[in-house]
Amino acid sequence: MCSTVTKAKELALAHKRIEQLSVQLTELDSVRQQLHDTLALEEDRERMVVALKDQLKQWKGTDSARLEKLRRTRAELEEVWRKLPSTPTMKEPAPDSECTTQAESVN
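Residues numbered from 1 in each chain as written. Predicted model: local features only at pLDDT ≥ 70, side-chain atom pairs only at ≥ 80, totals over all residues. Heavy atoms only, no water.

Undergrad: Where do I start with the overall build of the chain in this structure?
TA: Secondary structure assignment for the chain yields 2 helices and 0 strands. When burial is assessed residue by residue, the chain has 0% of its 107 residues classed as buried. If you sum the accessible surface of the chain, you get close to 10700 Å²; carbon and sulfur atoms cover 62% of it. (Helix = DSSP H or I, 4+ residues; strand = E, 2+ residues; numbered from the N terminus. Buried < 20%, exposed > 50% of the residue type's maximum accessible area, 1.4 Å probe, protein only. Areas by Shrake-Rupley, 256 points an atom, 1.4 Å probe, with all protein chains shown as cover.)

Right under this line is the structure:
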């Protein structure tokens, strides 16, 4: 009878230990899922950082190309300007002469 009582106590302790281990397993599974989710978010973040860096490089390249094109255009315009014959600055006609010219052309 003593061995039956001892066996019953051992069995009860074993069940209690199984319940504790089951709770710990559930907690560990929850932590594993959180780690998995965190890792997925980190991977998404890394992909976004790479995509943003690529976009920034593309924009910088585009801006650099536009800036270079503007510089070339400016240089071309300056060259054309230098080749133009120098002429005195034209003065605007006085308002009276302009009116007279318009009146003469109407008559």
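Here the narrative resumes.
Undergrad: Honestly, the pattern of salt bridges in this entry has me stumped. Any pointers?
TA: When their charged atoms lie close together, side chains carrying opposite charge are able to pair. This model, assessed by the stated rule, comprises 5 salt bridges. We note a salt bridge from D29 to R32, for which the minimum N-O separation is 3.2 Å. Of this pair, D29 and R32 both sit in helix 1 (residues 2-83), 3 residues apart, which is roughly one turn of the helix. We classify D29 as partly exposed; its relative accessible area is 42%. For D44, the salt bridge identified is with R47, shortest N-O distance 2.2 Å. Here the residue D44 and the residue R47 both occupy positions in helix 1, the gap between them amounting to 3 residues, near one helical turn. (Salt bridge = Lys/Arg side-chain N within 4 Å of Asp/Glu carboxyl O.)

Undergrad: Help me understand a nonpolar patch on the surface in this model?
TA: Together, V80, W81 and L84 line one region of the surface with nonpolar side chains, adding up to about 360 Å² of accessible area. Positionally, V80 belongs in helix 1. (Patch = residues over 30% accessible without salt bridge, like charges linked within 9 Å, V, L, I, M, F, W, Y side chains within 5 Å.)

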